[in-house]
Amino acid sequence: MTMPHNDVAAFHDLLRRITTASTTANGTPRPARILALCGAGLSAASGLATFRGSTASLWHTRDPIKLATPEAFTADPGLVWRFYAYRRHTALNVQPNAGHRALAALAKGLPEGSFLCLTQNVDGLSPRANHPPESLRKLHGSLFDLRCVNVDRKTRGRPRCDYVVQDDFSDPLCPALSTAATGVDETAAASGAELPHIPVNELPKCPKCHGLLRPGVVWFGEALDPMLMVGIGKWVAADTIDLMLVIGTSAEVYPAAGYIEEARDAGAVVATINLDAESPAGLEALKPGDFAFGGSAADLLPELLEPVIGMANWK
Ligand SMILES: [Zn+2]
């Protein structure tokens, strides 16, 4: 039964209304402003198990604190790189789904600057779905971004190295990581056995300063990129927001969760697309006029965004 909160036709009406050129008080065209916040549920239909709470990875017997912190990387960069080489390989072996493609189509179908998509996912699936980078903000970084460790460290008399590369999908990244990438020595990790040590000089190197490269993800105990946060804050504060899409995330973690309230304060209707969006707790959190669609983002997004992205076979 269609309820006000999951009425697709009513959602389509809203989307048509806000994306049809409206004008400001002084007569200049005012494009719609749409903010999206994406989490692991967006990638679930691709078959990628989330790292936390999953036993799908052979690395699950290892304590994440010993693999995903700056301290772990300093102590044994080879071990941490093995873990990330495996995660890169695993993520490359699944494909972006219809949800990623529908969001990429939304970004391409709206005027530049009117859609901002914040993702908590590090799996590279939105970039691989050709989501335009101008409208995508990777809050937690990406398994496929690499940056120089010298960024965090004063080098003797020289400026810090600012080398960063985004969306490097090579697999393996270097010969020393080839067995890690294919999972051969992860069987050893699962059994708790010692893995052969990889010397630092065999790990990925910065082409600019020859320092060590690290995975461009935000580790436990690290802050989100301040420049990224400032940019998002400016976009959010620039004008009213028409629609906030909350996709595949329970949005309980700050600062991500704070964007929903900020968007609401800026006038947005909030639409949640998540497996448990229509659970009793999900419905209780709804404000009047909000939408909640319980289901897979891969199934729902192509249908919901149809007034902008058109009818197509998104599968
Ligand atoms: Zn460097």
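The protein appears in an unreviewed UniProt entry as Deacetylase sirtuin-type domain-containing protein from Sporothrix stenoceras. Quoted verbatim from the Sequence similarities (unreviewed entry) field of the UniProt record, the comment on the protein reads "Belongs to the sirtuin family. Class I subfamily."

Regarding its fold elements, the protein presents 13 helices and eleven strands. A burial count over the protein gives 39% of its 315 residues as buried. Taking the contacts inside the protein whose residues are at least 6 apart along the sequence as the reference set, 71% of them involve residues at least 24 apart.

Time to look at the sheet that holds strand β5 (residues 136-138). Pairing is parallel in the open sheet, where six strands are placed in the order β5-β4-β3-β9-β10-β11. Two strands in the sheet have a free side with no partner beyond their single neighbour: β5 and β11 (291-294). Each strand axis lies, on average, 15 degrees off the axis of its neighbour in the sheet, ignoring direction. Across four bridges, the pairing between strand β10 (residues 269-274) and β11 is parallel. The partner of Asn 274 across the bridge, within β11, is Gly 294. In the packing of helix α12 (residues 297-304) onto the sheet, contacts are made with β9 (243-247), β10 and β11, and the angle to β10 comes to roughly 140 degrees.

Moving on to the UniProt feature "binding site: Zn(2+)" (unreviewed entry) in the protein. In the numbering adopted here, UniProt assigns the feature "binding site: Zn(2+)" (unreviewed entry) to Cys 148, Cys 161, Cys 206 and Cys 209. Sequence-wise these annotated residues cover 62 residues; spatially they are packed, their C-alpha atoms never more than 9.0 Å apart. Within the secondary structure, Cys 148 sits in strand β6 (residues 141-148). Here Cys 148 is in contact with Cys 161, Tyr 163, Cys 206, Lys 208, Cys 209, Gly 211 and Leu 213, once residues within four sequence places are set aside. Within the element layout of this structure, Cys 209 appears in the loop between α8 (186-191) and β8 (213-217). Those residues in contact with Cys 209 that lie beyond four places of it in its chain are Cys 148, Asn 150, Cys 161 and Tyr 163.

Another point: the pairing of β8. Most of β8 is tucked away, with four of its five residues classed as buried. Across four bridges, the pairing between β6 and β8 is antiparallel. Paired with Leu 146 across the bridge in β8 is Pro 215.

Note on placement: Asp 168 falls in the loop between β7 (164-165) and α7 (178-182). Separated by 44 residues in sequence, Asp 168 and Gly 124 have C-alpha atoms that sit 9.5 Å apart. With residues near it in sequence (within four places) discarded, Asp 168 still touches Phe 144 and Leu 146.

As a packed pair, helix α5 (residues 98-109) and α12 sit with axes 7 Å apart at the nearest point and diverge in direction by 30 degrees. Between α5 and α12, the angle falls in the class roughly parallel. Two packed elements cross with a definite hand, and for α5 against α12 that hand is left-handed. Where α5 abuts α12, its residues Ala 98, Gly 99, Ala 102 and Leu 103 lie against Ala 297, Ala 298, Leu 301 and Pro 302.

What follows is about the pairing of β9. Within β9, five of the five residues are buried, which leaves the element mostly enclosed by the surrounding structure. Where burial is concerned, the two faces of β9 agree: the one with Leu 243, Leu 245 and Ile 247 and the one with Met 244 and Val 246 are both buried. Relative to β9, strand β3 (residues 34-38) runs parallel, the two sharing five bridges. Bridge pairing links Cys 38 to Ile 247 in β9. Inspection of the sheet shows β9 paired to β10 by five bridges, in the parallel sense. Pairing of Ile 247 across the sheet is with Ile 273, part of β10.

Looking now at the sheet that holds β6. The antiparallel open sheet is built from three strands, whose spatial order is β7-β6-β8. At either end of the open sheet lies a strand with only one pairing partner, and these are β7 and β8. Strands β6 and β8 of the sheet are contacted by helix α4 (residues 77-92), whose axis makes an angle of about 140 degrees with β6.

Procedures and definitions
Along each chain, numbering runs from 1 in the same order as the chain's sequence is written. Totals for whole chains, interfaces and linings use every residue, but because this is a predicted model, local features are given only for residues with pLDDT of at least 70 and side-chain atom pairs only at 80 or more, for both listing and counting. UniProt positions are given in the numbering used here, feature names are shortened, and annotations may be inferred rather than shown by experiment. A run of H or I in DSSP becomes a helix once it reaches four residues, and a run of E becomes a strand once it reaches two; helices and strands are each numbered from the N terminus. With C-beta atoms placed from the backbone, a residue is labelled by how many other C-beta atoms lie within 10 Å of its own: buried for 20 or more, exposed for 12 or fewer, partly exposed between the two. Distance between backbone-placed C-beta atoms decides contact: two residues are in contact if it is within 7 Å. Two strands pair if DSSP finds at least two bridges between them. Angles here are taken between N-to-C directions and fall from 0 to 180 degrees, while the axes themselves are lines fitted to C-alpha atoms, restricted in helices to the stretch in contact. Any angle that is under 35 degrees is reported as roughly parallel, and any over 145 degrees as roughly antiparallel; angles of 65 to 115 degrees are reported as roughly perpendicular and all others as oblique. Left-handed is the label given to a crossing in which the near helix is rotated counterclockwise from the far helix by less than a right angle, and right-handed is the label when the rotation is clockwise.

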